[in-house]
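Analysis of the macromolecular model
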Amino acid sequence: MSETNNEFLAALESAADQIKVGDVVIGELLAIDNDNQAVVGLPTGEEGVVPAREYSDDRNINLADELKIGDSIEAVVISNVTSDKEGVAYLLSKKRLDARKAWENLSFGEGDTVDAKVINAVRGGLIVDVNGVRGFVPASMVAERFVSDLNQFRNKDIKAQVIEIDPANARLILSRKAVAAQERAAQLAEIFSKLSVGEVVEGTVARLTDFGAFVDLGGVDGLVHVSEISHDRVKNPADVLTKGDKVNVKILALDTEKGRISLSIKATQRGPWDEAAEQIAAGAVLEGTVKRVKDFGAFVEILPGIEGLVHVSQISNKRIENPSEVLKSGDTVQVKVLDIKPAEERISLSMKALEEKPQREDRRGNDGAASRADIAAYKQHGDDSGATLGDIFGDKL
């Protein structure tokens, strides 16, 4: 071997000795092999490889689509590997070098809100990329409510607040929940400003519970309590409503501080009391069915869904201590309407008003006048007694 060749090989070996794990090198793309690895020629005359996983976080990346022969690639040496070829080959990473540079050039701090790209969803949270820096959003900080399936965020852009930065350990913790809460507050304020009590709006049934239905009004949910779903009795909201149903609702109350909206479906529908207002008037005589008997009276249904109260004092001309003495549930009775107030959903009824009034005992003569004997008795007493006709005859006069 010539002296020149020996010097060249010595130079290569010396250069090789100078490349160590952690060094940054710049090489030229020689080829992309069948394993989707970029084969890079180094200044030393040796080769290094950049696997696709060390080039990008994109699991589906095809390096042939990203690079062309002759491209310059800057990467960091992450290990020495034994090659079948002469010399030493190196495992290189462009991705890790990009991350290192990103950490050195951070443009944000704790408390800042940043744009992040969700790279992956794992059991404990979301792995994100923030301007080249890998960060982590714990599952408890993803949303205001628990999220069972984090995969829905994969490959999506999100806004998150920086909670912790530790460059020495390459640690970046973020919270999407903090930003979501701020955005939610702003969204609620805007929506509430467009709503007013008494207004009827259209919404979509979002969730059903035992106590009612939550209706989406376009970004905010309002509650229709089970008692406000229908004029008929509803035991379970799921019996009459389905998730996704379009419904008209009336706004009963707005609580901007707590972000709550009370709604009613029933209030938008014509109910039995509307019918009652048209069909029933004070003085009307109706047939009804006793539904409930209480100590203070009996409730009588006079139209489907319409009950009126017969107070204990209006049951009979006879003295009654307790309505249950003369009435029971299921009895059919005749009643007279004393008063009706549809707005208050109240009707006062009377059974006594349909009974004949008992005659009072008449202690006067047959013609109802004081007898001649009575008058004679008065004359016999004379004025000396100081008695008047009223004193002597009482109610006979």
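With an unreviewed UniProt entry as reference, the protein is termed 30S ribosomal protein S1, source organism Leuconostoc gasicomitatum.

**A word on the sheet that holds strand 2 (residues 37–41)**
Backbone-to-backbone hydrogen bonds join strands into a sheet, with any given pair of strands oriented parallel or antiparallel. Strand order in this closed barrel of five strands is 1-2-3-5-4, and the pairing throughout is mixed. Neighbour-to-neighbour, the strand axes of this sheet turn through a mean angle of 55 degrees, independent of strand direction. Two elements, strand 3 (residues 47–51) and strand 5 (residues 89–93), share two bridges in a ladder whose sense is parallel. Note on strand 5: the bridge partner recorded for glycine 48 is tyrosine 90.

**Section: the side chain of serine 316**
Take serine 316: it is sitting in the loop between strand 18 (306–311) and strand 19 (332–341). Looking at serine 316, its side chain comes within polar contact range of the main-chain nitrogen of lysine 318, at 3.0 Å. Ignoring sequence-local partners within four residues, the contact set of serine 316 consists of Lys352 and Glu355.

**Things to note about the layout of surface pockets**
Space inside the largest pocket adds up to approximately 770 Å³. Taken together, 29 residues make up the lining of the largest pocket; nearest its centre are Glu144, Arg145, Arg184, Gly219 and Asp221. Looking at the lining of the largest pocket element by element, the count peaks at six residues for helix 4 (residues 176–193). Tallied by class, the residues present in the lining of the largest pocket amount to 12 nonpolar, six polar and 11 charged. The wall of the second largest pocket is formed by 23 residues, among which Ser56, Asp57, Asp58, Ile119 and Arg134 lie closest to the centre. Every element with two or more residues in the lining of the second largest pocket is listed here: helix 3 (94–104), strand 6 (113–122) and strand 7 (125–130). Among the elements that make up the lining of the second largest pocket, the one with the highest residue count is helix 3 (five residues). The class makeup of the residues in the lining of the second largest pocket is six nonpolar, five polar and 12 charged.

**Examining the pairing of strand 8 (residues 133–138)**
Taken together, the six bridges between strand 7 and strand 8 define a ladder with antiparallel strand orientation. Directly across from glycine 125, in strand 8, lies its bridge partner proline 138. Hairpin remark: strand 7 followed by strand 8, antiparallel, with two residues in the connecting loop; positive phi at asparagine 131, about 50 degrees.

**Focus: the sheet that holds strand 14 (residues 246–255)**
With mixed pairing, the five strands of this closed barrel are ordered in space as 11-12-13-15-14. Strand-to-strand twist across the sheet, computed as the mean angle between neighbouring axes with direction ignored, equals 50 degrees. Here five bridges tie strand 11 (residues 200–209) to strand 12 (residues 212–216), and the two strands are oriented antiparallel to one another. Among the inter-strand pairings, valine 205 is bridged to a residue of strand 12, identified as valine 215.

**Some points on the packing of aromatic side chains**
Within a pair of aromatic rings, the relevant descriptors are the distance that separates the centres and the angle that separates the planes. Under the defined criterion, the tally for this structure stands at two aromatic pairs. Arranged with centres 6.2 Å apart and planes meeting at 85 degrees, the rings of phenylalanine 211 and phenylalanine 214 form a pair that is edge-to-face. In this structure phenylalanine 211 comes out as partly exposed when scored by relative accessible area, which is 41%. Here phenylalanine 214 falls in the buried class, since its relative accessible area comes to 16%. Judged by centre distance (6.1 Å) and plane angle (90 degrees), the rings of phenylalanine 296 and phenylalanine 299 are edge-to-face. The exposure class of phenylalanine 296 is partly exposed, given its relative accessible area of 41%. Relative accessible area serves as the criterion here: at 17%, phenylalanine 299 is assigned to the buried category. Above the plane of the ring of phenylalanine 214 lies arginine 207, whose end atom (NZ or CZ) is 4.1 Å from the centre.

**Focus on the pairing of strand 9 (residues 157–166)**
As paired strands, strand 6 and strand 9 are joined by five bridges and run antiparallel to one another. What sits directly across from lysine 117, in strand 9, is aspartate 157. Pairing of strand 9 with strand 10 (residues 171–175), which is carried by five bridges, proceeds in the antiparallel orientation. When the bridges of strand 10 are listed, isoleucine 165 appears paired with leucine 172. Where strand 9 hands over to strand 10, the hairpin turn is made up of four residues, of which alanine 170 adopts a positive phi near 50 degrees.

**Description of helix 3**
What helix 3 keeps buried is the set Leu97, Ala102 and Trp103. In this fold, the buried residues of helix 3 make contact with strand 1 (24–32), strand 4 (72–81), strand 5, strand 8, strand 9 and strand 10. Its side-chain oxygen 3.0 Å from the backbone nitrogen of arginine 96, serine 93 forms the N-cap of helix 3.

Quick notes on the rules
- Residues numbered from 1 in each chain as written.
- Predicted model: local features only at pLDDT ≥ 70, side-chain atom pairs only at ≥ 80, totals over all residues.
- Heavy atoms only, no water.
- Pairing = 2+ DSSP bridges.
- Helix = DSSP H or I, 4+ residues; strand = E, 2+ residues; numbered from the N terminus.
- Axes fitted to C-alpha atoms, helices over the stretch in contact; angles between N-to-C directions.
- Polar contact = N/O pair within 3.5 Å; in protein donor to acceptor, adjacent residues only side chain to side chain.
- Contact = heavy atoms within 4.5 Å.
- 1 Å grid on protein atoms, 1.4 Å probe; cavity = no way out; pocket = protein on both sides within 12 Å on 5 of 7 lines; lining within 4 Å.
- Points joined across faces, edges and corners; volume = space filled by probe spheres on them.
- Nonpolar A, V, L, I, M, F, W, Y, C, P; charged D, E, K, R; others polar.
- Phe/Tyr/Trp six-rings, centres within 6.5 Å; stacked < 30°, edge-to-face > 60°.
- Buried < 20%, exposed > 50% of the residue type's maximum accessible area, 1.4 Å probe, protein only.
- Lys NZ or Arg CZ within 6 Å of the ring centre and 35° of its normal.

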